[in-house]
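Each chain, written out:
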Amino acid sequence: MVPFAPGGTSDIVARILAVGATPFLPAGAVVDNKAGAAGNIGTAEVARAQPDGTTLIQCTIGTCAANPFLYGNPGYDLQRSFTPLILTGAVRNIMSVSNALPAKTLAEVVALARARPGTLTFGSSGVGASNQLAPELLRGMLGINWVHVPYRGSGPAITDLIGGRIDVFFDNLPSILPQIRAGTVRAIAAVSNERIPELPDVPTFRESGLPELAQGLEIDSWFGFLAPAGTPEAVVAALNAAFNKALEDPTVRQRLREAAVVPLGGPPSRMADQLRSEAARWGEVIRSNHISAE
């Protein structure tokens, strides 16, 4: 189950892997979309599913790192409701600005934010999305005061970025790349510790010259699968093996790369480590900035 509407990056990744893993699963794999409440509705439904390996949930930075801290009761408990299965892929993020903003570098954007506190705006695809959490993290790291403008998805935010109605937008590479290439928005920095192959001329945060960012900044939008808690270890191992085989398939890897997704994979413990580290990281950002979706 994908807890978001069809067509987004999360849905694309799940569908590519469902096709790729079908030869290695007795009954194959299909994708069911159940959107609502920032992914909580579909995720909570799978938490209540039979732990027999037939129903899995697509996990993202939102549902598996932010939502448990944003909502008093998202309908599930990450630690008690699920069994980690596999970390499947990640998408790089890019910080872009409106062409109406005079800043041409990250250092210049930060200088403007410091000179005009409370006036620069950054958009997001919704409260708790990675494109809100990244600038909130920078708020604390750099001591800047900018204003969050939430939207219902990346599309409307990109439209307003193009129109100059917001100043800054952090977004997944697949969504914003066409606008960067068309010149309707300006890429400022790759939110990773290495330059992104699709945009080799865009510097990283580490290359900004800002002392606070000398160690760099890496924020990926990541994806993985969870099974309901209580799923037998043998079933978890079999499912993990099936999806790892899919991720090793050259056709699957090519399709993921065409969608600007970095293929990952590995044992269930890698997904468990990801859940722990990301929840700790973003839980602190959410608490320290008093962010709530309710």
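Residues numbered from 1 in each chain as written. Predicted model: local features only at pLDDT ≥ 70, side-chain atom pairs only at ≥ 80, totals over all residues. Heavy atoms only, no water.

Novice: How do you make sense of the sheet that holds strand E7 (residues 185-190) when you look at a structure like this?
Specialist: Two modes of strand pairing occur in sheets, parallel and antiparallel, and in both the strands are linked by backbone hydrogen bonds. Taken in spatial order, the 5 strands make up an open sheet running E5-E4-E6-E3-E7, and their pairing is mixed. If you trace the sheet from one side to the other, it starts and ends with strand E5 (147-150) and E7, each paired once. Direction aside, the axes of adjacent strands within the sheet are offset by 30 degrees on average. Here strand E3 (residues 93-98) runs beside E7; their pairing, made up of 5 bridges, is antiparallel. Paired with Val 97 across the bridge in E7 is Arg 186. Those strands touched by helix H7 (residues 154-162) are E3, strand E4 (121-124), strand E6 (168-172) and E7, and its axis lies near 140 degrees from that of E6. (Pairing = 2+ DSSP bridges. Helix = DSSP H or I, 4+ residues; strand = E, 2+ residues; numbered from the N terminus. Axes fitted to C-alpha atoms, helices over the stretch in contact; angles between N-to-C directions. Contact = heavy atoms within 4.5 Å.)

Novice: How should I be thinking about the sheet that holds strand E1 (residues 57-60) in this particular structure?
Specialist: The strand order across the open sheet formed by 4 strands is E1-E8-E2-E9, and the pairing between neighbours is antiparallel. Each of the sheet's edge strands pairs with one partner strand only, and the pair in question is E1 and strand E9 (261-263). For this sheet the average axis-to-axis angle between neighbouring strands, irrespective of direction, equals 40 degrees. Relative to E9, strand E2 (residues 82-91) runs antiparallel, the two sharing 3 bridges. In the strand pairing of E9, Gly 89 is matched with Pro 263.

Novice: Sorry if this is basic, but what is going on with the state of the cysteines here?
Specialist: Two cysteines, two sulfur atoms, one covalent bond between them: this is a disulfide. Taken as a whole and assessed by the stated rule, the structure comprises 1 disulfide. The disulfide that involves Cys 59 links it to Cys 64, with 1.8 Å between the sulfurs. Cys 64 shares its class with Cys 59; the two are buried. (Disulfide = S-S within 2.5 Å. Buried < 20%, exposed > 50% of the residue type's maximum accessible area, 1.4 Å probe, protein only.)

Novice: I keep staring at the environment of Ile 16 and nothing clicks. Help me out?
Specialist: The topology assignment puts Ile 16 in helix H1 (residues 9-21). As for Ile 16 and Thr 43, which are separated by 27 residues in sequence, their C-alpha atoms are 20 Å apart. With near-sequence residues (within four places) excluded, Ile 16 lies in contact with Val 252, Arg 255 and Leu 256.

Novice: Sorry if this is basic, but what is going on with the confidence of the model for the protein here?
Specialist: Caution applies to low-pLDDT parts of the model: their predicted coordinates are not meant to be read in detail. The share of residues in the protein with pLDDT of 70 or more is 100%, and the mean pLDDT across the chain is 93. Confidence scores differ between elements of the protein, with helix H6 (residues 130-142) showing the lowest mean pLDDT of 89 and helix H9 (residues 233-248) the highest of 98. (pLDDT = per-residue confidence, 0-100.)

Novice: Sorry, what's going on with the pairing of E4 here?
Specialist: Neither face of E4 is open: one carries Thr 121 and Gly 123, the other Phe 122 and Ser 124, and all of them are buried. Of the strand pairs in this sheet, E4 and E5 are connected by 4 bridges, and their pairing is parallel. Residue pairing across strands places Phe 122 opposite His 148, the latter belonging to E5. Crossover connection from E4 via H6 to parallel E5: handedness right-handed. The pairing of E4 with E6 spans 2 bridges and is classified as parallel. (Right-handed = clockwise from strand over helix to strand, strands pointing away.)

Novice: Please clarify how the environment of Asp 77 should be interpreted in this entry.
Specialist: In this structure, Asp 77 sits in the loop between helix H3 (61-70) and helix H4 (78-81). Its relative accessible area of 32% is what places Asp 77 among the partly exposed residues. Residues Asp 77 and Cys 64, spaced 13 residues apart in sequence, show a C-alpha to C-alpha distance of 9.6 Å.

Novice: I'm lost on H7 in this one. Help?
Specialist: One turn of an α-helix holds 3.6 residues; hence residues three or four places apart share an orientation. Of the residues making up H7, those classed as buried are Ser 154, Ala 157, Ile 158, Asp 160 and Leu 161. Down the axis of H7, the buried set is contained in an arc of 165 degrees. They therefore lie on one face. Where H7 is buried, its residues contact E3, E4, H6, E6, helix H8 (173-182) and E7. Among the residues trailing H7, Gly 164 stands out with phi positive, at a value near 80 degrees. (Arc of directions from axis to C-beta.)

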